[in-house]
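Examining the three-dimensional arrangement
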2 protein chains.
Amino acid sequence: MSTSTVPRPRRQYAKTAQRQAEIIEAATTVFASRGYHGGSLRDIARELDLSLTSLVHHFPTKIELLVAVLQHADSQATWLPGFGDEHGIQAATLKLWESNYEHPELLRLLAIVAAEASAPDHPAHAWFVHRYEQAVEAYSESIRRDQSRGRINPATDPTSAARLITATWDGLQLQWLLNPSKDLTSDFRNFLGQLLAP
Amino acid sequence: MSTSTVPRPRRQYAKTAQRQAEIIEAATTVFASRGYHGGSLRDIARELDLSLTSLVHHFPTKIELLVAVLQHADSQATWLPGFGDEHGIQAATLKLWESNYEHPELLRLLAIVAAEASAPDHPAHAWFVHRYEQAVEAYSESIRRDQSRGRINPATDPTSAARLITATWDGLQLQWLLNPSKDLTSDFRNFLGQLLAP
DNA sequence: GTCTATATTAGGATAGAC
DNA sequence: GTCTATCCTAATATAGAC
């Protein structure tokens, strides 16, 4: 039973697991407000009243910490195969959209690092390319399933629609992050209703 | 005749203007590949075989240089009032989209800094909030104009459509930056055709 | 306008004690 | 696992000569 990627190769003690979770949470906050390059390990340690050394003990390098943060972020996301099986993808997407309002820091972090990582030499480039491919693939699959059940116009190209949903999601989210006082849910709902019409 | 914002209060010599243009260009490249925080003034100076001191002579602080870069970037963009007056906004938008393929570094820079600047305490926060408000406003206006000429369904909400176009544009551009081998123009064209149908 | 040299601060990372 | 102390590098910025 290997846990991979996590920097602890052997047994996990309760305290360690909790500390790592705390560190990931604090790192998310710091990276989200200043970006990956702009956020420092010292800031993260200070947020926890922890020494820098102790932090580094858990995550030996900064990039390892970032990867842990990103993976944790995606472990909470749920656009997985089977997404929206019950009430259709449209309802499931809107529900997921609304749940995202609870974690603005996380959204900001993903937006910043995704843009940073679009440069081919960024340490997280491959991770984000794969992440988007996976998201588009999962969405296409769900759209096809809804089409086979007559919920969506069969003439709609699933892959293209999946790209557009992902894109519009990202773009509206950016606008919302810039100005949270404007609720863009109805815009997104109208967009989905038009794109995924029967 | 005051030139505002530009750090030279008095007369502009040809050499100075050219140097500043060169610096802005190099800064665009560097910020685009490593972000605002991640890109250093040293990198920018090195790119021009210029000393750090000379660079700072032209732009005394890093943030002033960023603002100059952003303003230069937007001086090239053209979603201004009157945009697409002749052949309608849909054609003009697609044309602008295609022209953007020529400046991937600029697009990456804007994507990174826009996300970074979504945090309220970022030095460029206000600038980006205003930039998006302006873009949405200009787009709404153009949509209304096209509606009055019967080119777009009058039931379409101009402001909502403007937000969606901006959002989808940003999102598709991010996907393209991550993986430039996939051409997303047809996706964008289909989206526009559906949203701005008569 | 450009340079060399330097001040100052902050970054990631390590050594070694407890 | 956590700490203090430290190393080394690189960051922005300034001083002063040419």
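Residues numbered from 1 in each chain as written. Chains lettered and ligands numbered in written order. Predicted model: local features only at pLDDT ≥ 70, side-chain atom pairs only at ≥ 80, totals over all residues. Heavy atoms only, no water.

Overview of the domain arrangement of chain A
Residues and elements named next belong to chain A. Assigned domains of chain A: these are domain 1 (3–69) and domain 2 (77–195). One C-alpha centre belongs to domain 1, the other to domain 2, and the line joining them spans 27 Å. Listed by partner, the interface residues are nine residues for domain 1 and nine residues for domain 2. Both sides together, the interface formed by domain 1 and domain 2 hides about 800 Å², and carbon and sulfur atoms give 79% of it. Ranking the residues of domain 1 by area buried against domain 2 places T28, A32 and Y36 at the top, with a combined share of 44%. At the boundary of domain 1 and domain 2, one finds zero salt bridges. Connecting domain 1 to domain 2 are zero residue pairs in polar contact (both at pLDDT 80 or more). For the side of domain 1 that touches domain 2, the elements supplying multiple residues, two or more each, are α1 (14–38) and α4 (62–76). If one sorts the elements of the side of domain 1 that touches domain 2 by residue count, α1 sits on top with six residues. (Domains from an automatic or database assignment. Contact = heavy atoms within 4.5 Å. Buried area = accessible area lost by both parts, 1.4 Å probe. Salt bridge = Lys/Arg side-chain N within 4 Å of Asp/Glu carboxyl O. Polar contact = N/O pair within 3.5 Å; in protein donor to acceptor, adjacent residues only side chain to side chain. Helix = DSSP H or I, 4+ residues; strand = E, 2+ residues; numbered from the N terminus.)

A few points about the protein's contact with DNA strand C
Residues and elements named next belong to chain B. Surveying the vicinity of DNA strand C reveals 19 residues, the closest of which are T16, S51, T53, S54 and H58. Here the atoms of DNA strand C within 4 Å of the protein split so that 48% fall in sugar or phosphate, with bases taking the remainder. Between a phosphate oxygen of DNA strand C and a side-chain N or O atom of T16, the distance comes to 2.3 Å. Between DNA strand C and the protein, one listed contact pairs a phosphate oxygen with a side-chain N or O atom of R19 at 3.1 Å. (Near = heavy atom within 4 Å.)

Topic: the protein's contact with DNA strand D
If you check the shell around DNA strand D, you find 19 residues, and the closest are T16, T53, S54 and H58 of chain A together with R42 of chain B. Those atoms of DNA strand D that come within 4 Å of the protein belong to sugar or phosphate at a rate of 51%. Between DNA strand D and the protein, one listed contact pairs a phosphate oxygen with a side-chain N or O atom of T16 of chain A at 2.7 Å. Put simply, the parts of the chain that give the surface near DNA strand D at least two residues each are α1 and α3 (52–58) of chain A together with α2 (41–47) and α3 (52–58) of chain B. Element by element, the count of residues in the surface near DNA strand D is highest for α3 of chain A, at four residues. In terms of residue class, the surface near DNA strand D is built from five nonpolar, ten polar and four charged. (Nonpolar A, V, L, I, M, F, W, Y, C, P; charged D, E, K, R; others polar.)

Things to note about the interface of chain B and chain A
Counting residues at the interface gives 40 residues for chain B, matched by 40 residues for chain A. Between chain B and chain A, a total of about 3,400 Å² is buried, with carbon and sulfur atoms accounting for 63% of that surface. Area buried by chain B at its contact with chain A is led by R163, Q175 and L178 of chain B, which between them contribute 19% of it. Our enumeration of links across chain B and chain A arrives at two salt bridges. In this structure, D187 of chain B and R163 of chain A form a salt bridge, with 2.8 Å as the shortest nitrogen-oxygen distance. Connecting chain B to chain A are twelve residue pairs in polar contact (both at pLDDT 80 or more).

Topic: the packing of helix α7 (residues 125–148) of chain A against helix α8 (residues 158–178) of chain B
Following both chains from N to C, one finds α7 of chain A and α8 of chain B inclined at 125 degrees, their axes separated by 10 Å at the closest point. Between α7 of chain A and α8 of chain B, the angle is such that the two are oblique. As α7 of chain A runs across α8 of chain B, the sense of the crossing is left-handed. Each of H125, F128, V129, Y132 and V136 of chain A in α7 of chain A lies in contact with α8 of chain B, whose residues at this interface are L174, Q175 and L178 of chain B. (Axes fitted to C-alpha atoms, helices over the stretch in contact; angles between N-to-C directions. Parallel < 35°, antiparallel > 145°, perpendicular 65-115°, else oblique. Left-handed = near helix turned anticlockwise from the far one by under 90°.)

Some points on helix α1 (residues 14–38) of chain B
Residue and element names in this part refer to chain B. Between its first and last C-alpha, α1 extends only 31 Å over 25 residues, short of the 36 Å set by a 1.5 Å rise per residue. At A32, α1 shows its maximal bend, which comes to roughly 85 degrees. Residues T16, Q20, I23, I24, A26, A27, T28, V30, F31, A32, G35 and Y36 constitute the buried set of α1. For α1, the elements touching its buried residues are α2, α3, α4 (62–76) and α6 (104–116). (Expected span 1.5 Å × (residues − 1). Bend = angle between axes of the 7 residues up to and from the residue. Buried < 20%, exposed > 50% of the residue type's maximum accessible area, 1.4 Å probe, protein only.)

Focus: the side chain of S140 of chain B
Residues and elements named next belong to chain B. Here S140 is to be found in helix α7 (residues 125–148). For S140, a relative accessible area of 1% corresponds to the buried category. A polar contact is formed between the side chain of S140 and the backbone oxygen of V136, at a distance of 2.6 Å. Not counting residues within four places of it along the chain, the set of residues in contact with S140 comprises P158, T159 and A162.

Quick word on the nonpolar core
Ranked by internal contacts, the top residues of the largest apolar core, which has 52 residues, are F191 of chain A together with F191 of chain B. Those elements that provide at least two residues to this core are α5 (89–99), α7, α8 (158–178) and α9 (185–195) of chain A together with α5 (89–99), α7, α8 and α9 (185–195) of chain B. Contacts of F191 of chain A, omitting those with residues within four sequence positions, involve L164, I165 and T168 of chain A together with L164 and F191 of chain B. (Core = buried A, V, L, I, M, F, W, Y, C linked by side-chain atoms within 4.5 Å.)

Some details on the relation of the copies chain B and chain A
In screw terms, the move from chain B to chain A is a rotation of 180 degrees and a rise of 0.0 Å along the axis, fitting with an RMSD of 0.1 Å. Both chain copies can therefore be described as sitting about a two-fold axis. Residue T168 of chain B of chain B places its C-alpha closer to the rotation axis than any other residue of that unit, at 2.1 Å. Both copies share a contact surface, since 100% of the interface residues of chain B are interface residues in chain A too. (Least-squares fit on C-alpha atoms with pLDDT ≥ 70 in both.)

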